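If you want the building blocks of each chain, they are given just below.
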Amino acid sequence: LMKFFFMYYAKDLVPILKTGILELGSQMDGSDMKTGNVSGQQYKYITMNIDFLDSTVNKVLRTNTLIFSKKILEKYGMAFNNEIRSKIDSRSIIIKPHDDNPKGILIKIQDMIERRAMDPKLSGQPRQLLHEVLFDKRIDVKKYLRIVICDKDDEYKIKNILANNGYPKVRVMTNTV
């Protein structure tokens, strides 16, 4: 059984946690580097990263990160790009919702991520910019969220929001990175 999770980075976690929904294009504010050439257009995806627990690549968990269960893959499917392209195209690796056996595809994705992370030409790149996972449907945060990583200063506020908005089993971790 493969152990993996999805990471979503946000400038402000509060509105997401209060609504309990990740909307398509919710990360894009016009100044975000991930928008590529979509300025003026509605961004059609939710962008995350995937990480594997047995990965040889060092994990760096940034502040303002939501960690989602791998079960979102079963519900929503995903498109994987081995670079930031902000779109689904013929080079994207697709896993459909309710795919009976995505393990072979996931092993290939893990291998691609690890190879890219070891590439000396990309050594200065933040890991989260080396690949992307795109979802084309809004995501139920309350159902799939497992961990929130926030600044120590925000820990109490985040715990209160979780408690008051129906998040039953979500851990809060603080990070100073």
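Asker: It is not clear to me how unusual backbone geometry should be interpreted in this structure. Could you clarify?
Answerer: Across the chain, the bulk of peptide bonds are trans and the bulk of non-glycine residues have phi less than zero. Despite not being glycine, Ser 86 has its phi angle at roughly 60°, a positive value. Looking at the secondary structure, you find Ser 86 in the loop between strand 5 (78-81) and strand 6 (93-95). At His 98, a position not held by glycine, the phi torsion is positive, near 60°. For His 98, the position within the fold is in the loop between strand 6 and helix 3 (103-118). In this structure His 98 comes out as exposed when scored by relative accessible area, which is 58%.

Asker: What am I meant to see in the pairing of strand 1 (residues 4-9) here?
Answerer: On a regular strand, one side chain projects to one face of the sheet and the next to the other, so that they alternate. The buried count for strand 1 comes to six of six residues, which makes it a mostly enclosed element. Burial along strand 1 is two-sided: Phe 4, Phe 6 and Tyr 8 facing one way and Phe 5, Met 7 and Tyr 9 facing the other are all buried. Bridging between strand 1 and strand 3 (residues 46-52) involves four bridges; their strand directions are antiparallel. Paired with Met 7 across the bridge in strand 3 is Asn 49. Pairing of strand 1 with strand 4 (residues 65-68), which is carried by four bridges, proceeds in the antiparallel orientation. Across the sheet, residue Phe 6 finds its bridge partner in strand 4, namely Phe 68.

Asker: Would you take a moment to explain the pattern of salt bridges for this structure?
Answerer: Applying the stated criterion across every chain yields a total of 10 salt bridges. For the salt bridge of Arg 91 with Asp 89, the shortest nitrogen-to-oxygen distance reads 4.0 Å. By relative accessible area, which is 54% here, Arg 91 ends up exposed. For Asp 89, a relative accessible area of 23% corresponds to the partly exposed category.

Conventions we followed
- Residues numbered from 1 in each chain as written.
- Predicted model: local features only at pLDDT ≥ 70, side-chain atom pairs only at ≥ 80, totals over all residues.
- Heavy atoms only, no water.
- Helix = DSSP H or I, 4+ residues; strand = E, 2+ residues; numbered from the N terminus.
- Buried < 20%, exposed > 50% of the residue type's maximum accessible area, 1.4 Å probe, protein only.
- Pairing = 2+ DSSP bridges.
- Salt bridge = Lys/Arg side-chain N within 4 Å of Asp/Glu carboxyl O.

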